[in-house]
Amino acid sequence: MDKKLYVSMSPHIHGDDSVAKNMYRVILALVPALLVSVYAFGWPALLVTAISIASCVVFEYLITRFLMKRPNTLTDGSAVLTGLLLAFNLPSNLPWWIIVIGALVAIGMAKMSFGGLGNNIFNPALVGRVFLLISFPQQMTTWPLTRMQIAASGTDALTGATPLGLIKAGQFDQLPSAIDMLLGNTGGSLGEVAALALLIGVVYLLVTKTITWHIPVSILVTVFIFAACLHLGNPERFADPLTHLLTGGLMLGACFMATDYVTSPMAKSGQIVYGIGIGVLTVLIRSFGSYPEGVSFAILIMNAVTPIINLYCKPKRFGEPRK
Amino acid sequence: MKTFTIGGIHPPESKLTAGKSIVDLPLPKQAVVLLGQHIGAPAQLVVERGAVVKTGQLLAKAGGFVSANIHSPVSGKIAKIGEAVDASGYPKPAVFIDVTEDDWAEEIVRTEKLERECRLTPEEIVAKIAEAGIVGMGGACFPASVKLTPPPGKKCDLLIINAVECEPYLTADHRLMLEKGPEIVIGIRILMKALGVDRAVIGIEENKPDAIELMRHLTISYPTIEVLPLQMHYPQGGEKQLIEAVSGRQVPSGALPIDVGKVVQNVGTVYAVYEAVQKNKPLIERIVTVTGKSLKHPGNFRVRIGTPIADLIEAAGGLPDNAGKIISGGPMMGKALVGMDVPVAKGTSGVLVMDEAESVRKPAVDCIRCGKCIGACPMGLEPYLLSALAERQVWDRLEKEHIMDCIECGCCTFTCPANRPLLDYMRVGKAKVGAIIRSRKK
């Protein structure tokens with residue numbers, strides 16, 4: 001027989017999943033929240049997102065081409081996703097050059113210096129955000145009001161405090177209602193405002209089996225329980241658990257940042273430990289720390305612990321114990 | 001509907017030949033009978049070059065307790081005793097028989113008449129099964145008589161018949177049930193008698209409703225035999241997975257099914273048992289599914305052992321121009337063949353011809369640590385870790401992470417979004433760690 005045959009080990013078929021498909025599914029899941037924030041903050045929101053994505057893509061291209069000298073990995077969609085997630089963590093009035101710096105830190109420092117997608121220890125978008133928060137505290141914590149807030153207040157003010165800022169200041173009476181927070185009628189970063197739109201995205205990710213429930217649910221349940229305990233102990237000082245759930249970056253963090261494949265634990269049991277850790281740290285930082293928001297720090301700290309979690313949290317093995 | 005609880009996947013079924021009746025394949029010009037068609041010691045040759053043998057005559061005797069007799073699948077003259085490349089790609093000892101006519105050994109009963117009664121004692125049944133050289137026909141090729149001889153102190157409480165056929169494309173077991181149902185039921189009763197069990201369960205996946213209905217109908221007067229439809233779930237045909245799906249019990253790591261009181265036999269094996277015990281017919285032919293998207297006439301064939309794969313592909317319409325890979329077995333666990341001269345063995349359940357485009361693996365990228373391989377692993381292992389440890393040759397850690405529990409089902413590689421060759425590396429690790437464990441015992 002002249003015909004040459006391929007010879008390889010089984011399996012000979014593949015499920016046709018790919019890294020790019022997973023990344024694009026997450027990007028698609030973020031679109032509803034992006035639409036809400038464009039509606040709430042207007043075109044600046046879109047501009048921030050565009051600058052962020054473009055800089056992430058350009059930096060990744062330049063680094064793979066000129067520093068690492070290897071084929072670029074742009075088609076896997078991870079640079080676009082990092083750019084989108086970084087934008088979601090920024091206020092809509094941030095100057096363009098700060099966004100570019102954030103993208104450089106996220107892609108260059110947090111992702112490519114470790115070897116690119118799959119090898120980074122920390123969530124790149126969060127590293128970018130925290131770097132900016134510490135370097136540019138003024139710009140990073142000036143929150144433009146949403147279209148709905150401006151219409152309701154009738155004032156000329158263009159910026160205002162976030163719900164978590166109000167909590168930190170002890171101004172519980174000025175907190176927006178839960179329904180406002182759910183629908184995005186509060187101040188904050190691009191991706192923080194609309195819990196409901198984020199939840200729609202998460203349902204999509206769960207249905208397509210892109211992520212499993214373990215991380216988001218364990219974070220949200222932990223935050224709720226821990227915040228409820230504090231609130232019951234001293235309602236004057238600690239906000240109620242529902243406000244904790246619906247404000248700030250918690251929904252975004254729990255559903256889209258903490259679930260990042262690369263930086264979260266592998267086994268389901270480990271993912272629950274990780275989620276509980278993030279939940280506890282978030283409430284601790286929010287309630288006792290000097291920053292009003294703690295999700296980013298909580299996730300980054302747990303990112304660092306992930307290798308240890310992987311070492312001890314194993315999947316349930318097949319087989320009864322031997323007698 | 002029942003299934004196993006950990007991991008598993010749902011590959012496309014691709015059962016192209018489910019509706020194709022079994023067709024007898026013409027005898028080959030030369031049969032190439034491998035001497036190692038089973039797990040365990042190779043069989044010892046009892047014939048010489050130049051000898052004339054009859055169909056069903058003993059060619060080689062079992063080389064130990066875990067071994068199997070091999071009989072001549074054809075009649076003719078032994079042309080050569082040498083080596084032939086088998087499905088593994090390596091040359092192995094084999095007997096080459098030039099086929100003359102089909103002259104059967106006298107003791108074999110060749111009528112189609114159903115023989116219901118079996119008056120043999122359990123010991124006689126097991127001896128007859130061993131004599132006939134029957135091995136597990138689902139692919140593992142473990143000598144059937146060994147499984148029917150529980151070690152002292154172990155008692156079987158349930159016989160499980162594996163009619164799952166969870167491999168995509170394959171339909172040999174499915175067709176066998178539809179066409180030889182009554183014989184299979186008698187075979188099950190013979191096995192129950194041999195094992196001394198009063199219960200048997202036939203596990204069939206729900207994508208074979210006609211087989212489920214027929215087997216239910218045929219066993220209606222035997223309350224001790226239950227037909228159990230199972231959810232579609234690969235690798236449910238794996239012995240440990242099937243035992244859990246049927247009985248809810250998980251065989252411990254490193255233990256055998258008999259340790260939890262179960263014996264599993266493939267439905268093809270059961271049919272061979274019927275033929276051996278009731279008709280004195282040794283294992284010299286089997287049903288093989290010959291399939292592939294570009295084959296002109298895919299089908300199910302009754303094939304003599306030793307027939308070259310080329311004859312099967314010819315019968316299915318010839319090798320398509322765009323053929324890229326020929327697989328012995330199914331696409332999940334089958335072996336890619338190096339050529340079409342490879343002969344059919346006792347464990348050859350199918351021949352799958354894949355198109356060139358299907359044959360090429362996509363390039364692997366870095367692991368993104370998504371953990372989907374863990375979710376897919378039916379043994380609860382961490383393929384990403386095992387593969388990385390094998391790549392880095394960390395053998396002691398591999399052993400601690402249970403590499404020896406891997407059943408090589410391929411769920412991890414099938415699932416991996418980064419197209420990583422997880423199972424390739426794990427096989428290397430398993431072979432190496434297995435060798436280390438054996439050398440330690442010495």
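Bear in mind that the values here come from a model prediction, so they are computed numbers and not experimental data. (Residues numbered from 1 in each chain as written. Chains lettered and ligands numbered in written order. Predicted model: local features only at pLDDT ≥ 70, side-chain atom pairs only at ≥ 80, totals over all residues. Heavy atoms only, no water.)

Undergrad: Please set out the overall build of chain B residue by residue, giving values where relevant.
TA: Broken down by element type, chain B carries 13 helices and 17 strands. The dimensions of chain B, computed from C-alpha atoms along their principal axes, are 65 × 50 × 50 Å. Taking all 442 residues of chain B together, 59% fall into the buried category. A separation threshold of at least 6 residues defines the contact pool for chain B, and within that pool the share at least 24 residues apart is 73%. Counting 53 positive and 50 negative side-chain charges, chain B places the centres of these two groups 4 Å from one another. (Helix = DSSP H or I, 4+ residues; strand = E, 2+ residues; numbered from the N terminus. Buried < 20%, exposed > 50% of the residue type's maximum accessible area, 1.4 Å probe, protein only. Contact = heavy atoms within 4.5 Å. Lys, Arg positive; Asp, Glu negative; His and termini not counted. Charge placed at Lys NZ, Arg CZ, Asp CG, Glu CD.)

Undergrad: Before we move on, can you summarise the domain arrangement of chain A with the specific residues and values?
TA: All names here are of chain A. Taken domain by domain, chain A consists of domain 1 (19-139) and domain 2 (172-309). Opposite the 35 residues of domain 1 that make contact, domain 2 presents 31 residues. When the area that domain 1 buries against domain 2 is broken down by residue, the three leading residues are R25, F88 and L126, summing to 18%. Seen at the junction of domain 1 and domain 2, the total is zero salt bridges. Contributions of two or more residues to the side of domain 1 that touches domain 2 are made by α1 (19-41), α2 (43-67), α3 (78-88) and α5 (124-135). Among the elements that take part in the side of domain 1 that touches domain 2, α1 stands out by supplying 11 residues, more than any other. (Domains from an automatic or database assignment. Buried area = accessible area lost by both parts, 1.4 Å probe. Salt bridge = Lys/Arg side-chain N within 4 Å of Asp/Glu carboxyl O.)

Undergrad: So what about the environment of L214 of chain B? Which residues, and what values?
TA: Residues and elements named next belong to chain B. Examined against the element boundaries, L214 turns out to sit in helix α4 (residues 209-218). Sequence-wise, L214 and P182 are 32 residues apart; in three dimensions their C-alpha atoms are separated by 9.6 Å. Apart from the residues within four sequence positions on either side, L214 is in contact with M177 and L178.

Undergrad: So what's going on with the interface of chain A and chain B? Which residues, and what values?
TA: Counting residues at the interface gives 41 residues for chain A and 71 residues for chain B. Three residues stand out in chain A for area buried against chain B, namely Y6, M266 and F318 of chain A, and they jointly supply 20% of the buried area on that side. The interface formed by chain A and chain B holds six salt bridges in total. With a closest N to O distance of 3.1 Å, K314 of chain A and E382 of chain B form a salt bridge. Applying the counting criterion to the chain A and chain B interface returns 25 residue pairs in polar contact (both at pLDDT 80 or more). Elements with a contribution of two residues or more to the side of chain A that touches chain B: α1 and α15 (295-312) of chain A. In terms of residue count, the dominant contributor to the side of chain A that touches chain B is α1 of chain A (three residues). In terms of residue class, the side of chain A that touches chain B is built from 17 nonpolar, 13 polar and 11 charged. (Polar contact = N/O pair within 3.5 Å; in protein donor to acceptor, adjacent residues only side chain to side chain. Nonpolar A, V, L, I, M, F, W, Y, C, P; charged D, E, K, R; others polar.)

Undergrad: Tell me what's going on with the packing of α2 of chain A against helix α4 (residues 96-111) of chain A, and back it up with residues and numbers.
TA: Residues and elements named next belong to chain A. Contact geometry for α2 and α4: axes closest at 9 Å, N-to-C directions at 40°. Regarding the angle of α2 to α4, the classification is oblique. Judged by the sense of rotation from one axis to the other, the crossing of α2 with α4 is right-handed. Touching V48, I51, S52, S55, C56, F59, E60 and I63 of α2 are W96, I99, V100, A103, L104, I107, G108 and K111, all from α4. Of the residues that constitute the contact of α2 with α4, the class distribution is 11 nonpolar, three polar and two charged. (Axes fitted to C-alpha atoms, helices over the stretch in contact; angles between N-to-C directions. Parallel < 35°, antiparallel > 145°, perpendicular 65-115°, else oblique. Left-handed = near helix turned anticlockwise from the far one by under 90°.)

Undergrad: Let's hear about the sheet that holds strand β17 (residues 350-355) of chain B: which residues, and what values?
TA: Residue and element names in this part refer to chain B. Pairing in this open sheet of six strands is mixed, and the strands run β1-β14-β13-β17-β15-β16 from one edge to the other. The strands lining the two open edges of the sheet, one partner per strand, are β1 (22-24) and β16 (335-336). Here three bridges tie β1 to strand β14 (residues 299-304), and the two strands are oriented parallel to one another. Counted as the bridge partner of V23 is F301 from β14. (Pairing = 2+ DSSP bridges.)

Undergrad: Would you mind going over the nonpolar core in detail, with residue names and values included?
TA: L30 and F256 of chain A are the most contacted members of the largest nonpolar core, which totals 106 residues. At 11 residues, the largest contribution of residues to this core is made by α1 of chain A. Here F256 of chain A is in contact with V26, A29, L30, L85, L198, G201, V202, L205 and M251 of chain A, once residues within four sequence places are set aside. Listed in part, the 50 residues of the second largest apolar core include C118, I129, V263 and V270 of chain B. (Core = buried A, V, L, I, M, F, W, Y, C linked by side-chain atoms within 4.5 Å.)

Undergrad: Explain the domain arrangement of chain B to me, using residue names and the numbers behind them.
TA: Along its sequence, chain B is organised into domain 1 (28-99), domain 2 (122-279) and domain 3 (372-441). When each unit is reduced to the centre of its C-alpha atoms, the spacing between domain 1 of chain B and domain 3 of chain B is 34 Å.

Undergrad: Let's hear about the environment of E117 of chain B: which residues, and what values?
TA: Note that E117 of chain B resides in the loop between β8 (91-99) and α1 (122-131). It is 39 Å that separates the C-alpha atoms of E117 of chain B and M332 of chain B, two residues lying 215 residues apart in sequence.

Undergrad: Kindly report on the environment of D102 of chain B, identifying the contributing residues and their values.
TA: Residues and elements named next belong to chain B. Positionally, D102 belongs in the loop between β8 and α1. Along the primary structure D102 and L27 are separated by 75 residues, whereas in three dimensions their C-alpha atoms are 8.4 Å apart. Once residues lying within four places of it in the same chain are set aside, the contact partners of D102 are L27, T55, S75, R110 and R304. Among the polar contacts listed, one links the side chain of D102 to the side chain of W104, at a separation of 3.0 Å.

Undergrad: Go over helix α14 (residues 268-288) of chain A, please, and point to the residues and values.
TA: Structurally, the α-helix is built with 3.6 residues per turn, so residues lying three or four positions apart point the same way. Residues and elements named next belong to chain A. An ideal rise of 1.5 Å per residue puts 30 Å on 21 residues; α14 measures up with 30 Å between its terminal C-alpha atoms. Three or more residues of α14 are buried, namely G270, Q271, Y274, G275, G277, I278, G279, T282, V283, I285, R286 and S287. On its buried face, α14 is in contact with α8 (163-168), α11 (214-233), α12 (241-246), α13 (250-257) and α15. (Expected span 1.5 Å × (residues − 1).)

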